[in-house]
Amino acid sequence: MIKKILVSQPKPSSEKSPYFDIAAKYGVELVFRPFIKVEGLSAKEFRAQKVSILDYTAIVFTSRHAIDNFFKLAKELRITIPEDMKYFCVTETIALYIQKYVQYRKRKVFFGTTGKMPDLLPTMVKHKGEKYLIPMSDVHNDTIAKLMESKKLTYKECVMYRTVSNDFTPEEVEAFDYDMLIFFSPSGIESLTKNFPNFEQGDIAIATFGPATAKAVKDAGLRLDLEAPTDQYPSMTGALQHFLAEKK
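Residues numbered from 1 in each chain as written. Predicted model: local features only at pLDDT ≥ 70, side-chain atom pairs only at ≥ 80, totals over all residues. Heavy atoms only, no water.

Q: Whenever I open this one, the overall build of the chain confuses me. Can you help?
A: If you tally the helices and strands in the chain, you get 10 helices and 11 strands. Counting only C-alpha atoms and orienting by the principal axes, one finds that the chain spans roughly 60 × 40 × 35 Å. Of all 248 residues assigned to the chain, the portion counted as buried reaches 46%. Within the chain, residue pairs in contact and separated by at least 24 positions form 67% of the contacts whose partners lie at least 6 positions apart. Counting every atom, the chain has about 13,800 Å² of accessible surface; 51% of that belongs to carbon and sulfur. Charge centroids of the chain, computed over 35 positive and 31 negative side chains, lie 8 Å from each other. (Helix = DSSP H or I, 4+ residues; strand = E, 2+ residues; numbered from the N terminus. Buried < 20%, exposed > 50% of the residue type's maximum accessible area, 1.4 Å probe, protein only. Contact = heavy atoms within 4.5 Å. Areas by Shrake-Rupley, 256 points an atom, 1.4 Å probe, with all protein chains shown as cover. Lys, Arg positive; Asp, Glu negative; His and termini not counted. Charge placed at Lys NZ, Arg CZ, Asp CG, Glu CD.)

Encoded structure:
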């Protein structure tokens, strides 16, 4: 019987989140507790990459973390970002987030609609003369680099933040009594094995979002009970609701 579920993400800011509907409908307790956190690089660590921000005329943002850490580092390095700097974002939501740091002007902020880089690429090609700087996490693949090279765009990737384990307190370890755990990244699985080296799954159900996270569960020798997305259930909340309905 599943009564208490740990969701390894921050608590949704909107009360309209499907997670709350699931809790009410199936009488389960949902605890939102990230297993990982994002930590910015220090100015010293960034300098070691020998990247000069002012050598670039456009910044590519793939997340809010990238925006926060870009402007934080610029401040620490005492760099004044030029007024004519252009910003290319994978979604409008990320583009609007730039307003937290600079005045939003449509002529210098561009965004895609799908959240994927290939959708943003045609806009970047229209601005082929720009020198693109791409702030990234320490864990990333070469997908963006290949896309940039395929269109012969001038670019530089640089690490500005890292994903680290959001360690559990002794009290949290003692109170770890969940019937189900939901993970969204391989780093979350690493954090589980780090914080609970003697973790025994037993009847605890494990759910994952994304193929890399599913693989991490299996590689850790754990049982995967629910995998999303699927054609039928493209969201974790949809998959979870179906899973709980079947368990009733």
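Q: Just checking my understanding: could you explain the side chain of Arg33 for this structure?
A: Mapped onto the elements of the fold, Arg33 is located in the loop between strand 2 (29–32) and strand 3 (36–40). Ignoring anything within four residues of it in the chain, the contact list for Arg33 reads Leu6, Val7, Ser8, Gln9, Asn166, Asp167, Phe168 and Glu172.

Q: Is there a simple way to explain helix 6 (residues 143–150) in this structure?
A: Note on helix geometry: an α-helix contains 3.6 residues per turn, so any two residues three or four positions apart are oriented the same way. Within the span of helix 6, buried status applies to Ile144, Ala145, Leu147 and Met148. Projected down its long axis, helix 6 carries its buried residues within an arc of 165 degrees, all on one side. Packing partners of the buried residues in helix 6 comprise helix 5 (117–126), strand 7 (131–137) and strand 8 (154–165). Downstream of helix 6 by one or two residues, Lys152 has phi in the positive range, about 55 degrees. (Arc of directions from axis to C-beta.)

Q: Got a minute to help me understand the sheet that holds strand 11 (residues 226–228) in this structure?
A: Hydrogen bonds along the backbone pair up the strands of a sheet, which may run parallel or antiparallel. One open sheet accounts for five strands, arranged 2-1-9-10-11; its pairing is parallel. Of all strands in the sheet, those bounded by a partner on one side alone are strand 2 and strand 11. For this sheet, the mean inter-axis angle between neighbouring strands, taken without regard to orientation, is 15 degrees. Relative to strand 11, strand 10 (residues 205–209) runs parallel, the two sharing three bridges. Bridge pairing links Ala207 to Leu226 in strand 11. (Pairing = 2+ DSSP bridges. Axes fitted to C-alpha atoms, helices over the stretch in contact; angles between N-to-C directions.)

Q: Just to check I follow, could you spell out the environment of Ala145 for this structure?
A: Following the sequence through the fold, Ala145 ends up in helix 6. Judged by relative accessible area, Ala145 falls into the buried class, the value being 10%. C-alpha separation for the pair Ala145 and Phe46, spaced 99 residues apart in sequence, amounts to 20 Å. Dropping the residues within four chain positions of it, Ala145 is found in contact with Tyr155 and Glu157.

Q: What am I meant to see in unusual backbone geometry here?
A: Generally, phi is negative for residues other than glycine and the peptide bonds are trans, each holding for most cases. Note the cis peptide between Ala228 and Pro229, where omega equals -5 degrees. Tracing the backbone through its elements, the reader meets Pro229 in the loop between strand 11 and helix 10 (236–247). The phi dihedral of Lys152 falls on the positive side, at around 55 degrees, and the residue is not glycine. Looking at where Lys152 falls in the secondary structure, it is placed in the loop between helix 6 and strand 8. For Lys152, a relative accessible area of 69% corresponds to the exposed category.

Q: Where do I start with the side chain of Ser63 in this structure?
A: Within the secondary structure, Ser63 sits in the loop between strand 4 (58–61) and helix 3 (64–76). Judged by its relative accessible area of 18%, Ser63 is buried. Looking at Ser63, its side chain comes within polar contact range of the main-chain nitrogen of His65, at 3.4 Å. Only 3.1 Å separates the side chain of Ser63 from the backbone nitrogen of Ala66, close enough to count as a polar contact. (Polar contact = N/O pair within 3.5 Å; in protein donor to acceptor, adjacent residues only side chain to side chain.)

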